[in-house]
Amino acid sequence: MSGGAEGRDRRRVRHPAPAGLPDARLLSRRPRAVVVGGGIAGLAAATALAERGVAVELCERQGHLGGRAGSWTETLPDGTSVSMGRGFHAFFRQYYNLRALLRRTDPGLRLLAPVPDYPLLDAAGRVDTFRALPRTPPWNALAFAARSPTFTPRDLLRLDARAALPLADVSVPATYRRLDHMDAEEFLARLRFPAAARHLAFEVFSRSFFAPPDRLSAAELAVMFHLYFLGSAEGLLFDVPRVPPSGLWTPLGDRLAALGARVRLRTAVGAVRPGPDGFTVEIGGEDVRADAVVLALDVPALRELVAASPALGTPRWRRRIAALRTAPPFLVRRLWLDRPVAADRPAFLATGGLAPLDNISVLERYDRDAAAWALRAGGSVVELHAYAVSAPREETSARLLGRLHEVYPETARAGEVGEFTEWHEDCPLFAPGTFFDRPAVAGPAPGLVLAGDGVRIDLPVALMERAATTGWHAANLLLSGWGLAGHPLTTVPLRGRLVPARWRGGAVPPVPAGL
Ligand SMILES: Cc1cc2nc3c(=O)[nH]c(=O)nc-3n(C[C@H](O)[C@H](O)[C@H](O)COP(=O)(O)OP(=O)(O)OC[C@H]3O[C@@H](n4cnc5c(N)ncnc54)[C@H](O)[C@@H]3O)c2cc1C
């Protein structure tokens, strides 16, 4: 079990549910909604709508739910069935809205296991850790800095406190107004952050957004720092699924079906045509009428669907969607090895300055299926990630393996029972200067809403939590339109907690009506 009831940070912010009728069956006509995409954003939106009695059809192009956070079955050369996915995902304790979704089928979050620590290793062999840090800012940051081998007290004194202030005084969208024009690398240089600590404390964050620091907005980095570090007292440790991730998402699909929703896997939506009283959605070649459509897609799929739906939205909205960009490719290589890694290897190790390697995870440390395989085979299941890749796939894959042998030398003697590689370029890029042109959750026409980790929402959320939060919020907008009750949202504090109010630029922004 992990994570406590609903978080421990007393300053977390609860945004109340919009008021309305409890069930769509009380309306003169029950609204119908099509949710396109069965990733976290689509699952959250479909759940929120189905719980209020809306007739929901959820369409997912692939054979599994969960999207980029999902998993599926593959077969090793020896005939054994194993689980494969897009890779290790950290479920942070401040992912309140994602956890609210998971609690629908796992009330005690028993399927999440806490990771006791995740070391950060740099090229010089220095290791920072997060074990047993205080959870509350600023003590978390001070304790981290005090024991860090890469961040000396002299470095702390050299920091430009004025330039660093925006990190401690984050609010959305004000932080974007202040910093979105600048890239993360320039921002870090202005702070006079020591180069080694930059690799560890910042590049790890920046690259987790799949972008090199010179292509990531400084505002996005600051919001991330607020969400994970300086704005939240949930701590820096996170949980991971004890089961292959499909074990989290399939039950949510089953629950949707039990609520009367139609969940269609291997079903792509080809186009959406607006009409005088709703939409016609082309689902696997068949036309389906809907009062509302939630586009809960990854960036390339959203661009494609909007391009194939020429009458949808306004020209300005369509231009904004066409302008969305993806981060450079990432590579995930999972290896089934016939010898175990050393007993003291952690579940997850993040690396800095060891390109192209960004992290190594050892799956049998937390995933039940991998643990069963490792026990039977006397081996290990190891996964390597490379983000923001600039070299070709084969070269990156080979260099990753070389890095594994360097960092965990015992793996050089192991044989490969099997391996699978995932190489994609479908994560959103948050480039400098793009925030205010990013499409928001509310679409340009009634009944049309967007959700997903690339969609703008003026709350301090990111990655999986942005996907979940935009999903809930998209459904709330539709429910409000029909006079139905929405769902509450929870976030980390909306302002940095370390800066006294008198030093701040403006008032706390009102939230959440339009978000
Ligand atoms: C390697 C890797 C590691 C990550 N690690 C972390 C982490 O540690 N922590 C974290 O918070 N986040 C992490 N993320 C990010 C996280 O995976 C995403 O933020 C999140 O899963 C996005 O969810 P989504 O619902 O917005 O999009 P998606 O999961 O992309 O969902 C979109 C869905 O739409 C479907 N679709 C596309 N076109 C159509 C169509 N025409 N019709 C029907 N369906 C369609 C797709 O198949 C997909 O299932 C990681 C991502 C990757 C790739």
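Up top is the structure these notes are about.
Here the structure is a predicted model, which means the values were calculated and not measured.

Reading the values: rules and limits
- Residues numbered from 1 in each chain as written.
- Predicted model: local features only at pLDDT ≥ 70, side-chain atom pairs only at ≥ 80, totals over all residues.
- Heavy atoms only, no water.
- Helix = DSSP H or I, 4+ residues; strand = E, 2+ residues; numbered from the N terminus.
- Rg over C-alpha atoms; globule rule 2.2 N^0.38 Å.
- Buried < 20%, exposed > 50% of the residue type's maximum accessible area, 1.4 Å probe, protein only.
- Contact = heavy atoms within 4.5 Å.
- Areas by Shrake-Rupley, 256 points an atom, 1.4 Å probe, with all protein chains shown as cover.
- Lys, Arg positive; Asp, Glu negative; His and termini not counted.
- Charge placed at Lys NZ, Arg CZ, Asp CG, Glu CD.
- Core = buried A, V, L, I, M, F, W, Y, C linked by side-chain atoms within 4.5 Å.
- Near = heavy atom within 4 Å.
- Polar contact = N/O pair within 3.5 Å; in protein donor to acceptor, adjacent residues only side chain to side chain.
- Nonpolar A, V, L, I, M, F, W, Y, C, P; charged D, E, K, R; others polar.
- Domains from an automatic or database assignment.
- Pairing = 2+ DSSP bridges.
- Salt bridge = Lys/Arg side-chain N within 4 Å of Asp/Glu carboxyl O.
- Axes fitted to C-alpha atoms, helices over the stretch in contact; angles between N-to-C directions.
- Phe/Tyr/Trp six-rings, centres within 6.5 Å; stacked < 30°, edge-to-face > 60°.

### Comments concerning the overall build of the protein
Of the regular secondary structure elements, the protein holds 15 helices and 22 strands. Computed over its C-alpha atoms, the radius of gyration of the protein comes to 23 Å, within 12% of the 24 Å expected for a compact globule of 515 residues. When the backbone C-alpha atoms are referred to their principal axes, the protein occupies close to 65 × 65 × 40 Å. The buried share among the 515 residues of the protein stands at 59%. Excluding contacts between residues fewer than 6 apart, the proportion of contacts in the protein whose partners are at least 24 apart in sequence is 72%. Of the roughly 20,200 Å² of accessible surface on the protein, 54% is carried by carbon and sulfur atoms. With 63 positive and 52 negative side-chain charges, the protein shows a spacing of 7 Å between the two charge centroids.

### Some thoughts on the nonpolar core
Core analysis: the biggest nonpolar cluster contains 145 residues, and Leu49, Trp249, Val294 and Leu295 have the highest contact counts within it. Examining the composition of this core, we find that eleven residues originate from one element, helix H9 (residues 218–230), more than from any other. Setting aside anything within four residues of it in sequence, one finds Val294 in contact with Val34, Val35, Val36, Ala45, Leu49, Val449, Ala451, Ala474 and Leu478.

### What about the site of the ligand?
Taken together, 35 residues are adjacent to the ligand, and Glu60, His89, Ala90, Tyr95 and Asp453 come closest. At a separation of 3.4 Å, an oxygen atom of the ligand approaches a polar side-chain atom of Gln62. Residue Ala90 places a main-chain N or O atom 2.7 Å away from an oxygen atom belonging to the ligand. Against a free-state accessible area of 1,000 Å², the protein chains account for coverage of 96% of the ligand. Contributions of two or more residues to the shell around the ligand are made by helix H1 (40–50), strand S16 (330–337) and helix H15 (463–481). Among the elements that line the shell around the ligand, the one with the most residues is H15, at three residues. Tallied by class, residues from the shell around the ligand come to 19 nonpolar, ten polar and six charged. When residues are assigned to domains, the shell around the ligand turns out to be shared by domain 1 (13–66 + 244–325 + 435–498) and domain 3 (328–424), each giving three or more.

### With respect to the pairing of strand S5 (residues 81–85)
For S5, a buried count of four out of five residues is recorded, marking the element as mostly surrounded by other parts of the structure. As defined by bridge partners, strand S4 (residues 71–75) adjoins S5 across five bridges and the pair is classed as antiparallel. The residue of S5 that forms the bridge with Trp72 is Met84. From the end of S4 to the start of S5, which pair antiparallel, there are five residues, and Gly79 there has a positive phi angle of about 90 degrees.

### Considerations on the pattern of salt bridges
Taken as a whole and judged by the stated rule, the model has 29 salt bridges. Between Arg466 and Glu220 there is a salt bridge whose closest N-O contact spans 2.6 Å. Within this pair, whereas Arg466 is found in helix H15, its partner Glu220 is found in helix H9, the two being separated by 246 residues in sequence. Relative accessible area serves as the criterion here: at 1%, Glu220 is assigned to the buried category. Between Glu282 and Arg273 there is a salt bridge whose closest N-O contact spans 3.9 Å. Using a relative accessible area of 38% as the deciding quantity, one classes Arg273 as partly exposed. Counted as one network, the salt bridges with shared partners bring together Arg32, Glu57, Arg262, Arg264 and Glu286.

### Points about the sheet that holds strand S19 (residues 380–386)
The strand order across the open sheet built from seven strands is S9-S8-S17-S18-S19-S16-S20, with neighbouring strands paired in mixed fashion. The two strands at the open ends of the sheet, each matched to only one other strand, are strand S9 (127–128) and strand S20 (416–424). Sheet topology note: the S16/S20 ladder contains eight bridges and is antiparallel. By the bridge assignment for S20, Leu331 is matched with Trp423. Set on the sheet, helix H13 (residues 368–377) makes contact with S16, S19 and S20; between it and S19 the angle comes to about 130 degrees.

### Some words on the environment of Asp9
For Asp9, the location among the structural elements is in the segment before strand S1 (13–15). Sequence-wise, Asp9 and Gly231 are 222 residues apart; in three dimensions their C-alpha atoms are separated by 10.0 Å. In this structure, Asp9 is in contact with Tyr96, Gly231, Ser232, Ala233, Glu234, Pro493 and Arg497, ignoring residues within four places of it in sequence.

### Overview of the sheet that holds strand S10 (residues 238–241)
If you walk across this open sheet you meet the three strands as S6-S10-S7, and the pairing is antiparallel. Edge strands, defined here as strands with exactly one partner in the open sheet, are strand S6 (91–92) and strand S7 (112–114). Where S6 lies against S10, two bridges are found, and the strand directions are antiparallel. By the bridge assignment, Phe92 is partnered in S10 with Phe238.

### Details of the packing of aromatic side chains
Summed over the entire model, instances satisfying the criterion amount to 16 aromatic pairs. The interplanar angle of 65 degrees and the centroid separation of 5.2 Å between the aromatic rings of Phe92 and Phe238 together place this pair among those described as edge-to-face. In this pair, Phe92 sits in strand S6 while Phe238 sits in strand S10, placing the two residues 146 residues apart along the sequence. Classification of Phe92 by relative accessible area gives buried; the value is 10%.

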